[in-house]
Each structure stands twice: as C-alpha cells, then as structure tokens.
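# Examining the three-dimensional arrangement
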Amino acid sequence: MSLRQIITVPDPLLRKISAPVERVDDELRALLDDMLETMYDAPGIGLAAIQIAVPRRVLVMDISRDDEEKDPFFLINPEIIRFSEEMSLHDEGCLSIPEHYAEIERPASVTVRYLDRNGKQQERDFDELLARVVQHEIDHLDGKQFIDYISKLKRDRIVRKLTKDRKRAESVAL
Ligand code: NI
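These remarks concern the structure in this document.

Criteria and cut-off values
- Residues numbered from 1 in each chain as written.
- Predicted model: local features only at pLDDT ≥ 70, side-chain atom pairs only at ≥ 80, totals over all residues.
- Heavy atoms only, no water.
- Salt bridge = Lys/Arg side-chain N within 4 Å of Asp/Glu carboxyl O.
- Buried < 20%, exposed > 50% of the residue type's maximum accessible area, 1.4 Å probe, protein only.
- Helix = DSSP H or I, 4+ residues; strand = E, 2+ residues; numbered from the N terminus.
- Donors = N, O, S within 2.8 Å, 3.2 Å for Na, K, Ca; no water.
- Phe/Tyr/Trp six-rings, centres within 6.5 Å; stacked < 30°, edge-to-face > 60°.
- Lys NZ or Arg CZ within 6 Å of the ring centre and 35° of its normal.
- Patch = residues over 30% accessible without salt bridge, like charges linked within 9 Å, V, L, I, M, F, W, Y side chains within 5 Å.
- Areas by Shrake-Rupley, 256 points an atom, 1.4 Å probe, with all protein chains shown as cover.
- Pairing = 2+ DSSP bridges.
- Expected span 1.5 Å × (residues − 1).
- Contact = heavy atoms within 4.5 Å.

What the rule picks out here adds up to 16 salt bridges. The residue Asp-25 makes a salt bridge to Arg-23 at a minimum N-O spacing of 3.2 Å. Asp-25 gets classed as buried once you look at its relative accessible area, which sits at 18%. With a closest N to O distance of 2.9 Å, Arg-117 and Asp-33 form a salt bridge. With a gap of 84 residues between them, Arg-117 in the loop between strand E6 (109–115) and strand E7 (121–127) and Asp-33 in helix H1 (residues 26–41) connect regions that are remote in the sequence. Under the relative-accessibility criterion, Arg-117 is labelled partly exposed at 23%. Among the charged side chains, a network of salt bridges with common partners joins Glu-92, Arg-106, Arg-132 and Asp-139.

What follows is the structure, given as structure tokens:
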C-alpha cells in the first residue's frame, strides 16, 4: 500500500467524468487500498479515485471514530437508485477543497447499487452521515463538488483563494 497525493481545486482533473470499472481484479483492489490509506492519513471520511488523479468510478468511505473499530466501505460503479424526499442540511467539507466548508442540503437517505471489492453486486440503504458522504463522493465521479451547490459569488471566492494558496505554495517550493 502507498500514500497517493490528493489533488485540489482548481485542478481541472476534478471536473472530469470518471469512467466505469470493467473488471474488479487485484490491480483495482490495490488502488482501493491506496485510496483508503490516503483517506485515513489525510484524515478524511470519504475519497473518490479522481481525487488522487485516477478517473475511475470507485470510492472509499469510513465514518468510524478514532475510538471505534475501522469500518471501511468500497464502492465500485456506484449508482443511486433511490433518493428520499426528506432533505437534510449539514456542513460539508472536502479533501480537495481544504479548509473551506458550507452548509449543503441533500436527500437524507439514498439507496445505492454498486459492486463491492469482490466484484459482487450490492444494494444498500445509506442514511445520516453515510448518505451525505456517499452522495458527495458520487458527485466527484461526475466532476461535481460541494461548492457547485452554493452561490457563484461564494464559489468564486473559494476558488480564487485556493488558486492563490497554490501559487504561494509553488513559489515556496522553488
Ligand atoms: Ni470531496
């Protein structure tokens, strides 16, 4: 397993639509393991492959707390097949948009169809925090980010700030 670098806004790759996985094999499982390790190290509770610059439709998530046993989910080619009518409003952040948060409204629960890490098809209901994380990560597979749900004014401000931060980091690296 190895740590991968997480790309951040405004990297144009984050806008790319990821391609479906055609075969669940050891190479894919190695990618999933790298993603999980990278997510734990960040630390974060969800990560889509595109965030480590791999445009494939896979994501990992784990919302267990530090004092709990780890409880990772691996979702391949996930597809939301039911959204609840009930909505929920919650603060959201993203490893690719460091240090920025916004209140985002999303369906409170969803049903997702996906392949697990053995290539077996699963269908599962997610609610509360997992529902939020799985919707956020599936958005990444379609090139979307949580800042797409806020006003253009606020979004532009965040993107400008991150662009400036990156320029500063690059000049320090020289
Ligand atoms: Ni994210």
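Before going further, it helps to examine the coordination of the nickel ion. In the first shell of the nickel ion, the protein supplies Cys-94 (SG), His-136 (NE2) and His-140 (NE2), at 2.1 to 2.2 Å from the metal. Between the donor residues of the nickel ion, the gaps in sequence give the motif C-x41-H-x3-H. Taken together, the residues His-136 and His-140, both in helix H2 (residues 128–141) and 4 residues apart, mark about one turn of the helix. Note on His-136: relative accessible area 7%, which makes it buried.

Tallied over the entire structure, the rule returns 1 aromatic pair. Here Phe-73 and Phe-126 contribute two aromatic rings whose centre-to-centre distance is 5.6 Å and whose plane-to-plane angle is 70°, an arrangement assigned as edge-to-face. You can see Phe-73 sitting in strand E3 (residues 73–83) and its partner Phe-126 sitting in strand E7, a full 53 residues away along the chain. Accessibility assignment for this pair places Phe-73 and Phe-126 in one class, buried. Over the face of the ring belonging to Phe-74 we find Arg-117, whose NZ or CZ atom lies 4.6 Å from the ring centre.

This part is about a nonpolar patch on the surface. A contiguous nonpolar surface patch, about 210 Å² in accessible area, is contributed by Ile-45, Ile-63 and Leu-129. Turning to its location among the elements, Ile-63 is positioned in the loop between strand E2 (58–61) and E3. Residue Ile-63 is classed as partly exposed on the basis of its relative accessible area of 32%.

As a further point, take the pairing of E6. In terms of residue burial, E6 counts as a mostly covered element, since 5 of its 7 residues are buried. Pairing of E3 with E6, which is carried by 5 bridges, proceeds in the antiparallel orientation. Residue pairing across strands places Arg-82 opposite Thr-111, the latter belonging to E6. Judged from the 7 bridges that link them, E6 and E7 form a sheet pairing that is antiparallel. Following the sheet pairing, Leu-115 is matched in E7 by Gln-121.

Looking now at H1. The periodicity of an α-helix, 3.6 residues per turn, causes residues three or four places apart in sequence to face the same way. Spanning 16 residues, H1 covers 22 Å between terminal C-alpha atoms, matching the ideal 22 Å at 1.5 Å per step. Contact partners of the buried residues in H1: strand E1 (46–48), E2 and E3.

Nothing here speaks to function; it is all geometry.
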